[in-house]
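Structural description and commentary
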Amino acid sequence: MTTARHSWLQRISAIASLDDDNRRVLFAYVRGSADAVGRDEAARALGIPRSTASFHLDRLVKDGVLQVEFRKSSDKAGPGSGRPAKLYRPAMDEVVASVPERQYDLAGDLMATAITRSLKGELPVRDVLMDVADRKGQEAGRPGDFLGALADLGYEPTADDAGGYRLLNCPFHRLSQDHEEVVCAMNGAFLKGAATASGLSADNVLPEPGSGHCCARISSLEPGSKT
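Residues numbered from 1 in each chain as written. Predicted model: local features only at pLDDT ≥ 70, side-chain atom pairs only at ≥ 80, totals over all residues. Heavy atoms only, no water.

Attention shifts here to the packing of helix H2 (residues 21-32) against helix H4 (residues 50-62). One way to put it is that H2 packs onto H4 with a least axis distance of 10 Å and a crossing angle of 80 degrees. Considered as vectors, H2 and H4 are oriented roughly perpendicular to each other. Of H4, the residues touching H2 (which contributes Asn22, Arg23, Leu26, Phe27 and Val30) are Thr52, Ala53, Phe55, His56, Leu57, Arg59 and Leu60. Per-class residue counts for the contact of H2 with H4 are seven nonpolar, three polar and two charged. (Axes fitted to C-alpha atoms, helices over the stretch in contact; angles between N-to-C directions. Helix = DSSP H or I, 4+ residues; strand = E, 2+ residues; numbered from the N terminus. Parallel < 35°, antiparallel > 145°, perpendicular 65-115°, else oblique. Contact = heavy atoms within 4.5 Å. Nonpolar A, V, L, I, M, F, W, Y, C, P; charged D, E, K, R; others polar.)

Sheet architecture is open: four strands sit in the order E4-E5-E7-E6, paired in antiparallel fashion. Where the open sheet ends on each side, the last strands, each with one partner, are strand E4 (157-159) and strand E6 (205-207). Averaged over all pairs of adjacent strands, the angle between their axes in this sheet comes to 35 degrees, without regard to strand direction. Sheet topology places E4 next to strand E5 (residues 165-167); three bridges connect them, and they run antiparallel. Residue Ala159 lies in a different strand from E5, and its bridge partner there is Tyr165. (Pairing = 2+ DSSP bridges.)

Turning to the pattern of salt bridges, a few remarks are in order. As enumerated under the stated definition, the model contains 15 salt bridges in all. With a closest N to O distance of 2.5 Å, Glu69 and Arg71 form a salt bridge. Glu208 is the partner of Arg166 in a salt bridge, and the nearest nitrogen-oxygen pair spans 3.6 Å. On the criterion of sequence distance, the pair formed by Arg166 in strand E5 and Glu208 in the loop between E6 and strand E7 (216-218) is long-range, its members being 42 residues apart. The class for Arg166 is partly exposed, based on a relative accessible area of 30%. Three or more residues joined by partner-sharing salt bridges are found here, namely Asp35, Glu69, Arg71 and Arg89. (Salt bridge = Lys/Arg side-chain N within 4 Å of Asp/Glu carboxyl O. Buried < 20%, exposed > 50% of the residue type's maximum accessible area, 1.4 Å probe, protein only.)

Taken by themselves, the reported measurements are silent on function.
Right, dumping it as structure tokens:
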């Protein structure tokens, strides 16, 4: 399983994990603490049995919401206090997921980067955005596995009758509803960058206007092919 797809599934798992009152308050407590939290400390703070705190903290670790570290804790004293304690800290600042998968963080990063560079260089922001999107797409590309890269980004590529691939999901759906011209141009530049990094021609990415799917399609997986 690739990192991007694992990350999305992990977020889904994290949201499911937080569908429990104890785990929600434990996550809120750990997230709001200045340092990693021990089981005894969490149990006392929330007024729950240590065994309950331990069970739910470990479940949050299993689901990717928290992470563990081991070090001596000031929370312990007396015999055995010199042994490293199991402590918990957040594995993520927030838990966000969507079905179908969206990439609004990516869109925000592309736009903020483009605006910053545009202001610094006094360049047209649209031109800078296209360059930024293309470069980011190249980072997302995967030599020999363009479809896998697209699937991990949530595009849901599916073979069509023309010998190419439609992209059934738009990762920037809500943004494209109100800012279609800018978002679709950005998306096209991103996909072209990913295509070239995957060993294809940018010409393999074609406009595909219409609702209910991405605004682009892939004409072929043959290098330099265009239909």
